[in-house]
Amino acid sequence: KYQVEDESSHLDEMPLMMSEEGFENDESDYHTLPRARISQRRRGLEWFICGGWKFLCTSCSDWLINICRRKKELKARTVWLGCPEKCEEKYPKNAIKNQKYNVFTFIPGVLYEQFKFFLNLYFLVVSCSQFVPALKIGYLYTYWAPLGFVLTVTVVREAVDEFRRYKRDKEMNSQLYSKLTVRGKVQVKSSDIQVGDLIIVEKLDGETDWKLKVAVSCTQRLPALGDLFSINAYVYAQKPQLDIHSFEGTFTREDSDPAVHESLSIENTLWASTVVASGTVIGVVIYTGKETRSVMNTSNPKNKVGLLDLELNQLTKALFLALVALSVVMVTLQGFVGPWYRNLFRFLLLFSYIIPISLRVNLDMGKAAYGWMIMKDDNIPGTVVRTSTIPEELGRLVYLLTDKTGISGTLTQNEMIFKRLHLGTVSYGTDTMDEIQSHIINSYSQVHSQNSGNSTSSTPSRKPQPSAPKVRKSVSSRIHEAVKAIALCHNVTPVYESRAGVSGETEYAEVDQDFSDENRTYQASSPDEVALVQWTESVGLTLVNRDLTSMQLKTPDGHILTYYILQIFPFTSESKRMGIIVRDESSGEITFYMKGADVAMSTIVQYNDWLEEECGNMAREGLRTLVVAKKSLTEEQYQDFESRYNQAKLSIHDRNLKVAAVVESLEREMELLCLTGVEDQLQADVRPTLEMLRNAGIKIWMLTGDKLETATCIAKSSHLVSRTQDIHIFRPVTTRGEAHLELNAFRRKHDCALVISGDSLEVCLKYYEHEFVELACQCPAVVCCRCSPTQKAHIVKLLQHHTGKRTCAIGDGGNDVSMIQAADCGIGIEGKEGKQASLAADFSITQFKHIGRLLMVHGRNSYKRSAALGQFVMHRGLIISTMQAVFSSVFYFASVPLYQGFLMVGYATIYTMFPVFSLVLDQDVKPEMALLYPELYKDLTKGRSLSFKTFLIWVLISIYQGGILMYGALLLFESEFVHVVAISFTALILTELLMVALTIRTWHWLMVVAEFLSLGCYVASLAFLNEYFGIGRVSFGAFLDVAFITTVTFLWKVSAITVVSCLPLYIIKYLKRKFSPPSYSKLTS
């Protein structure tokens, strides 16, 4: 029977995680082992305290690491049919595990991920220092509350993600399969399938890309299912490996006499999670779990961190240096008196607000908000954000790597349409198909009127007349011949759904010869074949049945014609053609039909003057062309051929060459029948979307497993390569010298797209990686054909490594998972190929055209908003630190906090949080504008919205404003000195609110609400929290009376300070808009 590779792992999933994660951090301890062992001989409690615990931990972790790191060597295996217990080795469990953590590693893991960021680590240290009495400044909660909040938010988010992963895995692992045992069928969970089990695979709907699979012939002859257990047979299979296009193994049956040996190749195997198009198969499990091809081809998902987060991390480090410098300056000005290092530390704590802890919380909440907006956008329904940490990446992409999986792909819809039939003198297009139909109906009705007289000729015009000179045939007979050839020369099988839709009984109605049209579907390994057969059906000649030895056609008037299949020569990428020899049942005539690419066929067919030109014309329309030809054979010619062919098939050495030579003896002087053109239906709006992305300065690379011609064809028809551009097809290279010559040839070309095959790419990367990537990156478009999944991921990593730019991968099949996970931003399309890619991706969309809006609108907004938000939060911290610095320097460099407890917490949260956070609603241009002018996107890739330049501008603003606020407060309040705090704090809050208003580009009603809400909160708290508004502690005896706040002096002084701090910025902004407006404002005005 078939042999099924690990049927279970319905790889709807990201790949397995090894359990190394939890132990990575212990590796450093692990080298200290020998030393620890010598010094700690002292036993007892003292030994344990002194470091025995460390010794114990290291030895435990050492042991654990050894267990986890032990990579099992993969070996070839012998699998006994239906006897898992006979296996010599222990094979991996067939379970999927996508979780990042387990119960024990969750908290440490999440905390490690958080404190890996410099920001959070710094705050942890600061908060812990508050437990030391000498360093205590203000209340404990001023430092612990924000930190606790940040951690709670992140832990909850991770836990939810983790739980979802766990549920998905559980669902996958508990899927049921039927396993054949000695006692009959049993249901077995996917995770319990073992190597050697016999699994029954039933018909399902699914993939659109059918591959023909062949069963092992030895077991086909067994009378009943149970006999599989009575025979003594085993499969010898190669070791698990990455290559998905090959498999080597043998099937041996020992108890027969003599022993039967059969060789097994890739066509005797099924991938995990494949579906069967018709009937049922029984397979023996060869690989399970992480040894299946699909899992071996996927890499471990890495935690993706956006570029923006990395940039902000850099800026916080710069701020930290500024903080240290400031503290040192303060202590120096103090003159290093007394316990100066203690004062230094106190200053570090006082100014710690320079580094905003709320930055991460604000950004994380912002990201959640962007994710929510993307999912709620009605223009791109069905979009799901799976990784909430990187929406800003969508605004920084430079390379877009898309695939065109198999045939059904991200770019093509996998629907082929028959567009053109060319007979040399006449060409038929979509609008003239009815003429063909009438010709066919006429010619067949004539045939049957003749055949009723039981004459042997099959068509009116073709009496066998090999010797007679060729008469120019009528158009009608030529159409007849061409249509018949197309209807016979293919690898398509019609499949019938039975009317009785009883779930258990999916038996086919082939038995009843019920060839009714409504429940027939065609299946073939390539959609263009199906398109051809569907077309012959539409003009009246229908393929109604096919098995290994014959096929039947139905004529327009309902007669059934039977043809016996004598030989099939399948399509290969080398020969680029397929042939079939059939015998007509009614007349006994033998005909050899052949169809193939024009390159291969032009030398085989008889001389003609139109083929090449017409092929060129069709290719320019973006059609896939096939040349159809035939040759009549006499019985003697065929017998002679058959004997030579069988002899060649049995030879051991150079079998392929010998077989090809025999077939070629037939492929001479064939009669050219017609040229067909089939069009790939592109997904809706692919062309405009690709144009838009190109205008946005995104370079598009297409990585596909397709043949070179198909890939080139698609690249043209989808406008990936514009009509005027040249395409440079990189010749296949195998050695360093060839690669060198080809690269030089390519270097001389300017502005042309590159098409290269996976193998040549490997060679170039091996010897000339740097040069190749540099050349390829200058191309407007690159197409890599015949790429393996691992190569796709490799190309992504190369681009990231060499260009340092952000990459995005889009795909819709299981073979794109590793590429999607390697890219900075992975987008999956929920396609006909199942959900696998969309589950592994960071964003999943339902159609390719949605990507335009996802990047141009959402990506752009997310990036610009986060940049504004991040800088604003930093500015908020800088201002207050500046005020603290001014305050301390006026008061003889005392390390006394200016604002106490709740004021500090309230400042970063309740008073300013809403307005600052409302920046995530800001947009500079309307979505329609952003889509209309994709060039706006180009500006973002330079990263100008958040750079050291913009950051320094904000720092200067903060220093200016902080200085004005504090000095202003001190100047105007000589008399009531104690009121400084109240005044400066009020002015500070007003300044912040005004600054938010200044930064906003487009108002949203929520922003206005937020501004007033914050102001209201502040005014309300003035009434309740007056004890905070004195300087320092209550010892100063300065309680702030409400009477003072309500005085006119208080109000005008506060207003004056606020105006001085904000007005200049408004004026500068106005002038800047006037004299050097940003590109977006030119569009909105």
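Our structure's up above, just so we're on the same page.
Residues numbered from 1 in each chain as written. Predicted model: local features only at pLDDT ≥ 70, side-chain atom pairs only at ≥ 80, totals over all residues. Heavy atoms only, no water.

Student: Could you give an account of the overall build of the protein, naming the residues involved and the relevant values?
Tutor: When helices and strands are counted, the protein shows 37 helices and 30 strands. For the protein, buried positions account for 53% of its 1085 residues. Across the protein, the fraction of contacts at a sequence separation of at least 24, relative to all contacts at a separation of at least 6, is 74%. Carbon and sulfur atoms make up 59% of the accessible area of the protein, which amounts to about 49,300 Å² in all. (Helix = DSSP H or I, 4+ residues; strand = E, 2+ residues; numbered from the N terminus. Buried < 20%, exposed > 50% of the residue type's maximum accessible area, 1.4 Å probe, protein only. Contact = heavy atoms within 4.5 Å. Areas by Shrake-Rupley, 256 points an atom, 1.4 Å probe, with all protein chains shown as cover.)

Student: Could you give an account of the nonpolar core, naming the residues involved and the relevant values?
Tutor: Ranked by size, the top nonpolar core spans 94 residues in total, and within it Ile827, Phe843, Ile851 and Leu855 carry the most contacts. Considering every element that reaches this core, the biggest residue donor is helix α27 (residues 850–890), with 12 residues. If we ignore the near neighbours within four places in the chain, the residues touching phenylalanine 843 are Ile374, Val384, Val385, Thr387, Ile390, Pro391, Leu394, Cys825, Gly826, Ile827, Gly828 and Leu854. With 42 residues, the next largest nonpolar core counts Ile436, Val483, Ile486 and Leu553 among its residues. (Core = buried A, V, L, I, M, F, W, Y, C linked by side-chain atoms within 4.5 Å.)

Student: I'd like a rundown of the side chain of glutamate 158, residues and numbers included.
Tutor: Among the secondary structure elements, glutamate 158 is positioned in helix α6 (residues 141–173). If we ignore the near neighbours within four places in the chain, the residues touching glutamate 158 are Tyr101, Phe106 and Val110.

Student: An account of the side chain of lysine 792 is needed here, citing residue identities and associated values.
Tutor: Its location among the elements puts lysine 792 in helix α24 (residues 789–803). At 2.8 Å, the side chain of lysine 792 and the side chain of aspartate 816 are in polar contact. (Polar contact = N/O pair within 3.5 Å; in protein donor to acceptor, adjacent residues only side chain to side chain.)

Student: Kindly report on the sheet that holds strand β3 (residues 176–181), identifying the contributing residues and their values.
Tutor: Read from one edge of the open sheet, 4 strands run β4-β3-β5-β10, paired in antiparallel fashion. Of all the strands in the sheet, the pair left with one neighbour each is β4 (184–189) and β10 (281–284). Across the sheet, the mean angle separating the axes of adjacent strands is 40° when strand polarity is ignored. Here β3 pairs with strand β5 (residues 198–201) via 3 bridges, running antiparallel. Its bridge partner being in β5, leucine 180 is matched across the sheet by leucine 198. (Pairing = 2+ DSSP bridges. Axes fitted to C-alpha atoms, helices over the stretch in contact; angles between N-to-C directions.)

Student: Lay out a positive patch on the surface in plain terms, naming residues and giving numbers.
Tutor: Taken together, Lys938, Lys942, Arg944, Lys949 and Lys1072 make up a surface patch of like positive charges. Residue lysine 949 is classed as exposed on the basis of its relative accessible area of 64%. (Patch = residues over 30% accessible without salt bridge, like charges linked within 9 Å, V, L, I, M, F, W, Y side chains within 5 Å. Salt bridge = Lys/Arg side-chain N within 4 Å of Asp/Glu carboxyl O. Lys, Arg positive; Asp, Glu negative; His and termini not counted. Charge placed at Lys NZ, Arg CZ, Asp CG, Glu CD.)

Student: Could you give an account of the pattern of salt bridges, naming the residues involved and the relevant values?
Tutor: For the coordinates displayed, the defined rule picks out 26 salt bridges. Across the pair lysine 367 and glutamate 392 runs a salt bridge, and its minimum N-O distance is 3.1 Å. A residue pair is termed long-range when its members are at least 10 positions apart, and lysine 367 in helix α12 (residues 358–376) and glutamate 392 in the loop between β11 (384–385) and β12 (397–403) qualify at 25 residues. Among the residues examined, lysine 367 registers a relative accessible area of 2% and is labelled buried. Judged by its relative accessible area of 1%, glutamate 392 is buried. Across the pair aspartate 377 and arginine 853 runs a salt bridge, and its minimum N-O distance is 2.6 Å. Taken as a pair, aspartate 377 in the loop between α12 and β11 and arginine 853 in helix α27 lie far apart in primary sequence, 476 residues in all. Given a relative accessible area of 9%, aspartate 377 falls into the buried group.

Student: Any details on the environment of tryptophan 271? Residues and values, ideally.
Tutor: For tryptophan 271, the position within the fold is in the loop between β9 (269–270) and β10. Here tryptophan 271 falls in the partly exposed class, since its relative accessible area comes to 28%. Spatially, the C-alpha atom of tryptophan 271 lies 7.9 Å from that of serine 294, the residues being 23 residues apart in sequence.

Student: Could you give an account of the packing of helix α32 (residues 948–972) against helix α36 (residues 1048–1075), naming the residues involved and the relevant values?
Tutor: Packing of α32 against α36 leaves a shortest axis separation of 10 Å and a crossing angle of 155°. Viewed along their axes, α32 and α36 adopt a mutual orientation that is roughly antiparallel. For α32 against α36, the interelement crossing comes out right-handed. Listed contacts from α36 to Ile957, Tyr960, Gln961, Ile964, Leu965, Gly968, Ala969 and Leu972 of α32 are Lys1053, Ile1057, Val1060, Ser1061, Cys1062, Pro1064 and Leu1065. (Parallel < 35°, antiparallel > 145°, perpendicular 65-115°, else oblique. Left-handed = near helix turned anticlockwise from the far one by under 90°.)

Student: Residue-level account of the packing of aromatic side chains, with values.
Tutor: For any pair of aromatic rings, the description consists of the separation of the ring centres together with the inter-plane angle of the planes. Under the counting rule described, the total for this entry stands at 22 aromatic pairs. Taking 6.0 Å as the distance between ring centres and 90° as the angle between the ring planes, the aromatic pair formed by phenylalanine 569 and phenylalanine 641 counts as edge-to-face. Of the two residues, phenylalanine 569 sits in strand β19 (residues 560–569) while phenylalanine 641 sits in helix α18 (residues 635–650), which places them 72 residues apart along the sequence. Across this residue pair, the class does not change: phenylalanine 569 and phenylalanine 641 are buried. Ring geometry for tyrosine 911 and tyrosine 1018: centres 5.3 Å apart, planes at 85°, overall edge-to-face. Of this pair, tyrosine 911 sits in helix α28 (residues 901–911) while tyrosine 1018 sits in helix α34 (residues 1005–1024); the two residues are 107 residues apart in sequence, bridging distant segments of the chain. Each member of the pair, tyrosine 911 as well as tyrosine 1018, carries the same accessibility label: buried. Site record: aromatic cluster; members linked through ring pairs are Phe569, Phe592, Tyr638, Phe641 and Tyr645. (Phe/Tyr/Trp six-rings, centres within 6.5 Å; stacked < 30°, edge-to-face > 60°.)

Student: I'd like a description of the packing of helix α5 (residues 118–129) against α6, backed by residues and values.
Tutor: As a packed pair, α5 and α6 sit with axes 9 Å apart at the nearest point and diverge in direction by 145°. Here α5 runs over α6; the crossing is left-handed. Here Asn120, Phe123, Leu124, Val126, Ser127 and Cys128 of α5 lie close against α6, whose contacting residues are Tyr143, Trp144 and Leu147. Residue composition of the contact of α5 with α6, grouped by class: 7 nonpolar, 2 polar and no charged. (Nonpolar A, V, L, I, M, F, W, Y, C, P; charged D, E, K, R; others polar.)

Student: Report on a nonpolar patch on the surface, specifying residues and quantitative values.
Tutor: A cluster of nonpolar side chains, contributed by Leu994, Val1059, Leu1063, Tyr1066, Ile1067, Tyr1070, Leu1071 and Phe1075, occupies part of the molecular surface with about 790 Å² of accessible area. Of the residues forming the nonpolar patch, the biggest block, 7 residues, is contributed by α36. Relative to the helices and strands, leucine 1063 resides in helix α36. Classification of leucine 1063 as partly exposed rests on a relative accessible area of 45%.

Student: Describe the environment of valine 155, with residues and values.
Tutor: With respect to the helices and strands, the residue valine 155 is situated in helix α6. Taking relative accessible area as the criterion, valine 155 reaches 21% and is therefore assigned partly exposed. Sequence spacing of valine 155 and isoleucine 107 is 48 residues, and the spatial spacing of their C-alpha atoms is 7.9 Å.

Student: Quick one: what's the story with the sheet that holds strand β2 (residues 77–80), residue by residue and with numbers?
Tutor: Taken in spatial order, the 4 strands of this open sheet run β2-β6-β7-β8, and their pairing is antiparallel. With one partner strand each, in any of the chains shown, β2 and β8 (260–264) form the two edges of the open sheet. Each neighbouring strand pair of the sheet contributes to a mean axis angle of 20°, computed without reference to strand direction. Across 5 bridges, strand β6 (residues 233–237) lies against strand β7 (residues 249–253) in antiparallel orientation. Pairing of alanine 233 across the sheet is with arginine 253, part of β7.

Student: Give me the lowdown on the pairing of strand β22 (residues 623–633), citing residues and values where you can.
Tutor: Within β22, 10 of the 11 residues are buried, which leaves the element mostly enclosed by the surrounding structure. In this structure, strand β21 (residues 590–596) lies alongside β22, joined through 7 bridges in antiparallel fashion. Its bridge partner being in β22, phenylalanine 592 is matched across the sheet by lysine 631. Of the strand pairs in this sheet, β22 and strand β23 (residues 671–682) are connected by 8 bridges, and their pairing is antiparallel. Residue arginine 624 lies in a different strand from β23, and its bridge partner there is valine 678.

Spatial relationships are all this shows, so hold off on functional conclusions.
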